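Coordinate analysis (summary)
In case you want the letters, here they are:
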Amino acid sequence: MSESNAEAVASAVASATEAATEAAAGGWRRATGIAGVAIGVVAAGAAAGVAIERLTVGRGMRQKARLALDSAGPYGGLRGTPGRAYADDGTELYYEVDDVDPEAESVLTRRRRRLFGRKAPAPVTVVFSHGYCLNQDSWHFQRAALRGVVRTVYWDQRSHGRSGRGVAQTREDRPVTIDELGRDLKAVIDAAVPEGPIVLAGHSMGGMTVMALADAYPELVRERVVAVALVGTSSGRLGEVNFGLPVAGVNAVRRVLPGVLKALGQRADLVEKGRRATADLFAGIIKRYSFASRDVDPAVARFAERMIESTPIDVVAEYYPAFNDHDKTEALAHFAGLPVLVLAGVRDLVTPSEHSEAIADLLPDAELVLVPDAGHLVMLEHPELVTDRLADLLARAGAVPAAATVDGYGSTSSTAGPG
C-alpha cells in the first residue's frame, strides 16, 4: 500500500469485467456495466505488454508452473515470535518479533557502551509496515538479512495477512483511513515495543502509515524514533498518478472506480470467482505494475502475485478512498533532524519516484536513493540494494555497528529462524 494502488486497479480490472458480465440482471448490472467497460478498456491497454507472452505459453502449462512455484518458492516462509495488538475499534492486529541472536547481542552491547557510556540503552527495534494488498512477508529479503542482527517487528495491516478484518469496516460499513492505520501502528508499538528506541520502515501504504503515526503522535517520534525509511511511498497528491496509462482512460476510471469497487465488494463471492477465471491476465497486470526489470525471478513474481491475489475484493474496496484523501506532507516535518532513507524505483507506475523526490525536498538531510531499473516492489526486485541502504541507515542511527551490516541480502531459506 501507493496508492490508488495499481494492485487495486489490477483487482478492479479483472473483477469488474467478470462481474459486469456475470452478475444477476437488474440495477446492479446497469450501475456497473458502463464502469466495467471503461475499466476493461484500460485493462486492455495495461495487458497489451503481456499479451504475446500469454499467447506463446499454454494455459495448462502456466497453471502447472504456478503450482510448481508455489510449492518450491522459498519466499514468505520466515516466521518469528507471534503477538497480537488491538486497535482502538477492537480490530486484532497480528505481528511477529525477530529477536537479536545472543552472539550478535554481545557485539552490539559493547558498541552501545562505547556510544552511550557505561550503561547501555535498550536495544533498537525496527518496525516494518507493508503496503496495500500485501502483508508482512513482502519484507522477506530484508527480514532474512537482518534476523539475529537487530530486533525487528513485522505486522499485518488491518484486513491483511493474519490480522483480523477491520471491525469499523465490517460493523459500521466505514472505509479505512490512513489516520486509522497510524493509530493501528501505535497499538502495535505499544504491544511489541513498549520501550526503547525505534526505527520506522514503511513501503507504499506502510510509509503513509508511518507518516500518519508521526502526525498523530509527534511526541513518540521526538522521544523514541531514531531513524525512518520510506520506500516507494507518497505524502499526497495520489489522485494525479496515471499508472502509465492514457490520461483520458485514467480519468474515466477515477470517476467510476469508487462506486464500482463498492458494488463489487457487495458481490465478493461472485467477484472472487471472476478473479480465478482471469488469473492469467491478473498475473500479467500484477507483474507490470510491480516490477520493471525483465529478469525478475519467476518465483519472486509468483510470490508477489500470491500476496496480492489473497486480498479480498471487499478489502480492496474499503481501502481505495483513503489514497485520494491522503495528505501527510506537513507530518514530514516531525522527521527533520533524524537519519531518513527515501528510496524508490524510477519506473514505479504506482507511486512514481517524483513523489519520493518531493519527500526528500522537504527533508534535505535525507538520503534519496532512486533505483533505475525498479518498479513498485523494489524491495523484492532489488533486495540487495534495499537491504544495503537500510543496513547503512541502521548503522548511522546506532542500531547496529558498521561491522555488523549484512552480507548480501540474507538466506531465502524458509526454515531459517523460529518456526
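Once a new chain begins, its residue numbering starts again from 1 and follows that chain's sequence as written. In view of the model being predicted, local features appear only for residues whose pLDDT reaches at least 70, and side-chain atom pairs are presented and counted only at 80 or more, with totals across whole chains, interfaces and linings using the full set of residues. Neither water nor hydrogens contribute to the side-chain values; these are computed over all heavy atoms in the structure.

Here we look at the overall build of the chain
Only DSSP runs of H or I reaching four residues or more are called helices, and only runs of E reaching two or more are called strands; each is numbered from the N terminus. Summing up its helical and strand segments, the chain has 17 helices and eight strands in all. Only protein chains enter the accessibility calculation, which uses a 1.4 Å probe. A residue is then buried if its area is under 20% of the maximum for its type, exposed if over 50%, and partly exposed in between. Residues counted as buried form 58% of the 419 residues belonging to the chain. By element, 54% of the accessible surface of the chain is carried by carbon and sulfur atoms, the whole surface being about 16,800 Å². Working definition of accessibility: Shrake-Rupley area with a 1.4 Å probe, residue cover restricted to the visible protein chains.

Focus: unusual backbone geometry
The phi angle of most residues is negative, glycine excepted, and most peptide bonds adopt the trans form. Positive phi, normally seen in glycine, also occurs at Cys133, with a value near 65°. Along the polypeptide, Cys133 turns up in the loop between β3 (125–129) and α5 (140–146). On the accessibility criterion, Cys133 (0% relative accessible area) is buried. A positive phi angle, near 65°, is found at Arg237, a position not held by glycine. Along the polypeptide, Arg237 turns up in the loop between β6 (225–231) and α10 (247–265).

Overview of the pairing of β6
Of all seven residues in β6, six are buried, a share of seventy percent or more. At least two bridges found by DSSP between two strands are what make those strands a pair. Here β6 pairs with strand β7 (residues 340–345) via four bridges, running parallel. Bridge pairing links Val228 to Val340 in β7.

Description of the packing of aromatic side chains
The relative placement of two aromatic rings is captured by the distance of their centres and the angle of their planes. Aromatic pairing here means that ring centres of Phe, Tyr or Trp (its six-membered ring) are within 6.5 Å. Orientation follows from the plane angle: under 30 degrees is stacked, over 60 is edge-to-face, and everything else is tilted. Within the structure shown, the criterion is met by six aromatic pairs. Where Tyr132 meets Tyr319, the ring centres are 5.8 Å apart and the plane angle is 35°; that geometry is what we call tilted. In this pair, Tyr132 is assigned in the loop between β3 and α5 and Tyr319 in helix α14 (residues 313–325), connecting sequence segments 187 residues apart. Ring centres 4.8 Å apart and planes at 55° place the aromatic pair Tyr132 and Phe323 in the tilted group. Pair noted here: Tyr132 is in the loop between β3 and α5 and Phe323 is in helix α14, with a separation of 191 residues, a long-range link. In this structure Phe323 comes out as buried when scored by relative accessible area, which is 0%. Cluster of aromatic residues (ring-pair linked, three or more members): Tyr75, Phe141 and Phe303. Just above the ring of Tyr217 sits the side chain of Lys186; from NZ or CZ to the centre is 5.1 Å. We call a charge positioned above a ring when the Lys NZ or Arg CZ atom is no farther than 6 Å from the ring centre and deviates by at most 35 degrees from the ring normal. The residue whose ring lies beneath Arg288 is Tyr289, and the NZ or CZ to ring-centre distance is 5.5 Å.

Some thoughts on the pattern of salt bridges
The salt bridge definition used is simple: a Lys or Arg side-chain nitrogen within 4 Å of an Asp or Glu carboxyl oxygen. With the rule as written, the count across this model stands at 27 salt bridges. For Arg183, the salt bridge identified is with Asp88, shortest N-O distance 2.8 Å. Of this pair, Arg183 sits in helix α7 (residues 178–192) while Asp88 sits in the loop between β1 (81–86) and β2 (92–98); the two residues are 95 residues apart in sequence, bridging distant segments of the chain. Residue class for Arg183 comes out partly exposed when judged on its relative accessible area of 31%.

A few points about the confidence of the model for the chain
Confidence scores per residue from the predictor, reported as pLDDT, run from 0 to 100. Per-chain confidence: the chain averages 78 in pLDDT, with 64% of residues scoring 70 or above. Across residues 1–59, where pLDDT falls below 50, the model places 118 contacts with residues more than four positions away in sequence or in other chains. Two residues qualify as a contact provided that any one of their heavy atoms is within 4.5 Å of a heavy atom in the partner residue. Between residues 407–419, whose pLDDT stays under 50, and residues either more than four places distant or in other chains, the model counts 26 contacts.

Details of a nonpolar patch on the surface
Like-charged residues are merged into a patch within 9 Å and nonpolar side chains (Val, Leu, Ile, Met, Phe, Trp, Tyr) within 5 Å, provided each residue has over 30% relative accessible area and no salt bridge. Where nonpolar side chains cluster on the molecular surface, the patch consists of Val346, Leu368 and Leu370 and spans about 200 Å² of accessible area. Positionally, Leu370 belongs in strand β8 (residues 367–371).

Points about the side chain of Asn135
Structurally, Asn135 can be placed in the loop between β3 and α5. Given the relative accessible area of 11%, Asn135 is considered buried. Polar contact is defined as a pair of N or O atoms within 3.5 Å, subject to the rule that within protein one atom must be able to donate a hydrogen and the other to accept it, and that residues adjacent in sequence are counted only when both atoms are side-chain atoms. One polar contact links the side chain of Asn135 to the main-chain amide nitrogen of Asp137, over a distance of 2.8 Å. Apart from the residues lying within four places of it in its own chain, the contact partners of Asn135 are His130, Asp156, Gly161 and Met307.

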